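Residue-level structure breakdown
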Amino acid sequence: LSDSEATTLEVNYDGKPVTWRLDRNRFESICEPLMARVRAPLERALRDARISPETINRVIFAGGAARMPMFRRLISRLLRQLPTQHINPDEVVARGAAVRAGLQAKSAGLEERVLTDVAPFTLGVEVAERGANNVLLHGLFLPVIERNTIIPASRSHVLSTLQDGQSQVNVRIFQGESRMVSDNVFLGQIEVSVTPGPAGKEQIDIRFSYDTSGLLEVDATVLSQKMKRRLLIRGNAGVLSEQELQQRLAVLAKLKVHPRDQAENVAVIERAKRLYEENLGDTRLRIGQAIEAMMAVLERQDPQEIAATRAEVSKFLDAIDRSILS
């Protein structure tokens, strides 16, 4: 029905041949609910990538379903351009697999190509928070590594005890996008012992380290005791040998540095602090605001946002240095 207005279908049912005619209008009517479901992930992908349809150079289809005229019409309206016609949608996945294999084999023909992987789902933990009128809200999802994060990646978040005299913290790990963990996928849990005391006294640093094989390493460190518990969650259990697993863990270990402790970020912050001490008035105020903005970005742990902010703050500090010298 991608090429014809109607077709005849035949099926053997209970030993008897059954034949009927299906036209494109009827087929498209049946498929309308599916087309409605296609819009949401496409619109979300655009939001996640922070791009608008006007900035897209080409639209390339993958998969045989992309041959459906109604699908092509939907995408053309949504992305405001016609899809590329000269690339066979049935070959796209195979071509991508060939490029990936060539990169793995370090093919000379692919030296200038870079392939990045992203986290397909958000990974996080279950938390409880106090809401209005000090009411305790349980079962909330706190993202640690958000979907579309370039991987391998390592991110951390500090949690606190919630009740007086609490001696145990159960860190429950989930995958998904919903605010409530009951709507997400449970992956595992770590039980951590803490010293009983007032609520909020004990803090636990939760670090997620995630790589392209689907390996998720979760570290839970009680900051007051430097006691660490670890959990490994394998997305493809049995695929990695023990040697490959250790190699991947070694790579992830190098990522376990918070951005605020990375040398290039420390240098910018220290430079800003020096200039803050050397200046007065409006200049000092603006430097203070730049420091606060930089620190806020570092806490979000997004490498691209950090790099852009670091460059912007450095440029601002350069201008102040030049004004002092002149």
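Rules behind the numbers
- Residues numbered from 1 in each chain as written.
- Predicted model: local features only at pLDDT ≥ 70, side-chain atom pairs only at ≥ 80, totals over all residues.
- Heavy atoms only, no water.
- Pairing = 2+ DSSP bridges.
- Helix = DSSP H or I, 4+ residues; strand = E, 2+ residues; numbered from the N terminus.
- Axes fitted to C-alpha atoms, helices over the stretch in contact; angles between N-to-C directions.
- Contact = heavy atoms within 4.5 Å.
- Patch = residues over 30% accessible without salt bridge, like charges linked within 9 Å, V, L, I, M, F, W, Y side chains within 5 Å.
- Areas by Shrake-Rupley, 256 points an atom, 1.4 Å probe, with all protein chains shown as cover.
- Salt bridge = Lys/Arg side-chain N within 4 Å of Asp/Glu carboxyl O.
- pLDDT = per-residue confidence, 0-100.
- Buried < 20%, exposed > 50% of the residue type's maximum accessible area, 1.4 Å probe, protein only.
- Polar contact = N/O pair within 3.5 Å; in protein donor to acceptor, adjacent residues only side chain to side chain.

Paired through backbone hydrogen bonds, the strands of a sheet run either parallel or antiparallel to each other. Pairing is antiparallel across the open sheet formed by four strands, whose spatial order is S7-S10-S11-S12. Of all strands in the sheet, those with a lone pairing partner are strand S7 (153–160) and strand S12 (227–234), marking the two edges. Sheet twist, expressed as the mean angle between neighbouring strand axes with direction ignored, is 15°. One ladder, built from eight bridges, connects S7 with strand S10 (residues 203–210); its direction is antiparallel. Bridge pairing in S10 links Val158 to Asp205. In the packing of helix H4 (residues 242–253) onto the sheet, the strands contacted are S7, S10, strand S11 (215–222) and S12, and the crossing angle to S11 comes to about 55°.

The next thing to look at is a nonpolar patch on the surface. Residues Val11, Tyr13, Val18 and Trp20 make up a contiguous nonpolar surface patch of about 400 Å² in total accessible area. Secondary structure elements with two or more residues in the nonpolar patch: strand S1 (6–13) and strand S2 (16–23). Among the secondary structure elements, Tyr13 is positioned in strand S1.

Once that is clear, we can look at the confidence of the model for the protein. Overall, the prediction assigns the protein a mean pLDDT of 88, with 98% of residues at 70 or greater. In the model of the protein, H4 stands out as the element of lowest mean pLDDT, 80, in contrast to S10, which has the highest, 94.

Let us now look at the pattern of salt bridges. Inspection of every chain in the model, using the stated rule, returns 21 salt bridges. The salt bridge partner of Arg39 is Glu43, with a shortest N-O separation of 3.2 Å. Of the two residues, Arg39 and Glu43 both sit in helix H1 (residues 24–49), four residues apart, roughly one turn of that helix. When its relative accessible area of 32% is taken as the criterion, Arg39 is described as partly exposed.

A sheet is described by the order of its strands in space; here four strands give the open sequence S5-S4-S8-S9, paired in antiparallel fashion. In this open sheet, the two strands that pair with only one neighbour each are strand S5 (136–145) and strand S9 (185–193). Put simply, the sheet's adjacent strands are angled 35° from each other on average, direction ignored.

Counting buried positions along S10 yields seven of eight residues, so the element is predominantly enclosed. Inspection of the sheet shows S10 paired to S11 by seven bridges, in the antiparallel sense. Paired with Ile204 across the bridge in S11 is Val222. The antiparallel hairpin formed by S10 and S11 contains four residues in its connecting segment, where Gly214 sits at a positive phi of about 90°.

Right, let's talk about the side chain of Ser76 for a bit. As for its placement among the helices and strands, Ser76 is situated in helix H2 (residues 69–79). Residue Ser76 is classed as buried on the basis of its relative accessible area of 17%. Engagement of the side chain of Ser76 in a polar contact is seen with the backbone oxygen of Arg72, the distance being 2.8 Å.

Ile151 connects to Pro152 through a cis peptide bond whose omega is 5°. In this fold, Pro152 is placed in the loop between strand S6 (150–151) and S7. Here Asn148, not a glycine, exhibits a phi torsion of approximately 75°, which is positive. Tracing the backbone through its elements, the reader meets Asn148 in the loop between S5 and S6.

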